[in-house]
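Structural overview
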Amino acid sequence: MSTFGIVCEFNPLHNGHKRLIDEAKRLGAERVVCVMSGNAVQRGELAITDKYTRAKAAVLCGADLVLELPYPWCAASAEYFSACGVEVLSYFCDSVIFGSECGDIELLKKAGSVAAKEEFKNSFIARTEQGEGAASAYFSLLEEETGVKLSSNDLLGMEYIRTAIEKKLDIKFYTLKREGAGYNDELLSVGQYPSATAIRRAWREGRDAFAYMPTEAAEVFLNSERSAPEELSKAMLMYFRLADPKDFEDVAEAEGGIANRIINASKEARNGEEFFELLRTKRYTDAKLRRAILFCMTGVTQGLLKQRPAYVTLLGASDKGRELIAKARKSDTINIVTKPADAPKDTEQFETGEKLEAIFTLSLKNSASLGESYRKNAFIK
C-alpha cells in the first residue's frame, strides 16, 4: 500500500491544502500522513488556533494520520523544519508530496542535490562570515547553481529533498504547483486560492474567511478558539526589559548581537507594533527575528535543534491511521505519545515545549490554563 506524507502547518487548512491531499490520492496514495506544526509555526509565530483543532480539520478533509511536528523544530528555519518533518514521515511513508511555486520536481531535485554538497555548504558559510544575511546568501547561491530564482515553498521542498539525500532515505517526491495568491499575499480574491496569511488576517479582523476553506474544515474552525498574540505584547516587552543578554548566549537564532537588539528595542517600544518596527533590519528577515524572540523566551538552544525529536504526539487519526501507529510501535522506531500528559518530562524537548504551551494558552482570546493543554485528546474518526 502506498503511503504519502505531507509536512504542513494547516494554519488554517484551506482549499489549497485540500487540493494537495486530493492530489496525493489521485497519484495513488492509499493513506495520507501529515506531520503538522504544533502551536507555533515556521515563521516564529503562534498558530491561529490550537493543533488539535487543525488536526481534526485535516482528518475530516482526508488525512489518515496527523502527528505533531514538535517544538522547537516546527518554528525553526527551513533546514531544521524540513529535516524533522521528513525524518518523521520516513517511518511511515514511501512518498512525500508538497506544494511549490515552480511546480518542477526535477528542478527541485537538482537544487536539493546541489545544496547537499560540501562545496555549497562551505560557500554559504563563507558568505555569511563576510556579513551577508543567511537567507540572502542561501537564495543567491542556489540561483547561481540552478539558474532559477526559487521562492519560499520551492525552498522548503528543496530542503525536504536535501534531507532525504543526506540521510539516505528511500522516498519518492512529488510536487503540485501552487495556484492563486502567493504565500504571504494578504488579500482575499474571489475565485482564487488565497494564502493562509490572507485567511488569518480576515479571520482576525472578523471578515468572512471560512468561504475559502473546505466545508469540513470551516465547520471545525468556525467555533474554535482563536489566538490573539497582540494580547501578549506587554508581557513580551516586560520579559525582555527585565532580561540580561547573558541569558541568551546559547539561544538559537539570537547570535550576532540579535539578543541585544531585542532587549534594546523592548526598552524603547510602547507596544508590540513599535517593538517589531524597531527590530526590522535589512540583514535579518522578519521570520528570523520572530524565531529569535520565541526561542529566547523558551530557551531553545542550537544543540536541541540538531537533535532528533525524543517523541511525537498523536493529534488525529482515521482507522487506517491507527493501523499505522500500531505498526510503528511494533517496530520501535519512533516514540508516539498518545496523550500530552504522557510525554517524557525529563527531555529538553518537553521543557521548551511546555514553555511554548504556557505562551500559547495565554495568547487565546479566552485564555486557558496550562493544565487544559495537557488534558486534550487526539481526534479519532
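The following refers to the structure shown. All residue numbers refer to position in the chain's written sequence, counted from 1. The model is predicted, so local features are restricted to residues of pLDDT at least 70 and side-chain atom pairs to those at 80 or more, both for listing and for counting; the totals for chains, interfaces and linings are taken over all residues. Side-chain measures were taken over the full set of non-hydrogen atoms in the model, leaving aside hydrogen atoms and water.

The next point concerns the overall build of the chain. Under the DSSP-based scheme used, a helix requires at least four consecutive residues in state H or I and a strand at least two consecutive residues in state E, with every element numbered from the N terminus. Regarding its fold elements, the chain presents 17 helices and 8 strands. We compute the radius of gyration over the C-alpha atoms and compare it with the globule rule, which gives 2.2 Å times the number of residues raised to the power 0.38. Here the C-alpha atoms of the chain give a radius of gyration of 20 Å, agreeing with the 21 Å that 2.2 N^0.38 yields for 381 residues. Viewed in the frame of its principal axes, the chain has a C-alpha envelope of about 55 × 50 × 50 Å. Looking at the chain as a whole, 54% of its 381 residues qualify as buried. Note on contacts: a residue pair qualifies if any of its non-hydrogen atoms lie within 4.5 Å across the two residues. Partitioning the intrachain contacts of the chain with sequence separation of at least 6 by distance along the chain shows that 74% fall at a separation of at least 24. Working note: accessible area of the chain is about 17,200 Å², and carbon and sulfur atoms make up 47% of it. By the counting rule applied here, Lys and Arg register as positive and Asp and Glu as negative, while His and the ends of each chain are not counted. The location of each charge is read from NZ of Lys, CZ of Arg, CG of Asp or CD of Glu. Put simply, the chain has 52 plus and 56 minus side-chain charges, and the middle of one group is 2 Å from the middle of the other. Working definition: with a 1.4 Å probe on protein chains only, accessible area under 20% of the residue-type maximum means buried, over 50% means exposed, and in between means partly exposed. The accessible surface values rely on the Shrake-Rupley method and a 1.4 Å probe; as for residues, cover is taken only from the protein chains in view.

Further remarks concern the pairing of strand 4 (residues 95-100). Of all 6 residues in strand 4, 5 are buried; the element is thus mostly enclosed. When DSSP finds two or more bridges between a pair of strands, those strands are recorded as paired. Across 2 bridges, strand 1 (residues 3-8) lies against strand 4 in parallel orientation. Looking across to strand 4, one finds that Gly5 is bridged to Val96. Note: strand 4 against strand 5 (residues 172-177), 6 bridges, orientation parallel. Across the sheet, Phe98 pairs through a bridge with Thr175, a residue of strand 5.

What follows covers the environment of Ala343. Considering the arrangement of structural elements, one finds Ala343 in the loop between strand 7 (336-337) and helix 16 (348-363). Exposure remark for Ala343: the relative accessible area of 6% places this residue in the buried category. Here the alpha-carbon distance between Ala343 and Asn264, two residues 79 residues apart in the chain, equals 37 Å.

One can find Glu87 in helix 3 (residues 78-90). With residues near it in sequence (within four places) discarded, Glu87 still touches Lys167 and Arg308.

Turning our eyes to something else, we now look at helix 13 (residues 286-298). What a helix should span is 1.5 Å times the count of its residues minus one. Its 13 residues give helix 13 an end-to-end C-alpha distance of 19 Å, which sits within 8% of 18 Å, the value for a rise of 1.5 Å per residue. Taken across its 13 residues, helix 13 has 11 buried, putting it largely inside the fold. Of all the positions in helix 13, only Ala287, Lys288, Leu289, Arg290, Arg291, Ala292, Ile293, Leu294, Phe295, Cys296 and Thr298 are classed as buried. Looking at the buried residues of helix 13, the elements they touch are helix 10 (233-241), helix 11 (258-268), helix 12 (272-279), helix 14 (302-305) and helix 16. In the segment just after helix 13, Gly299 is the residue with positive phi, at about 70°.

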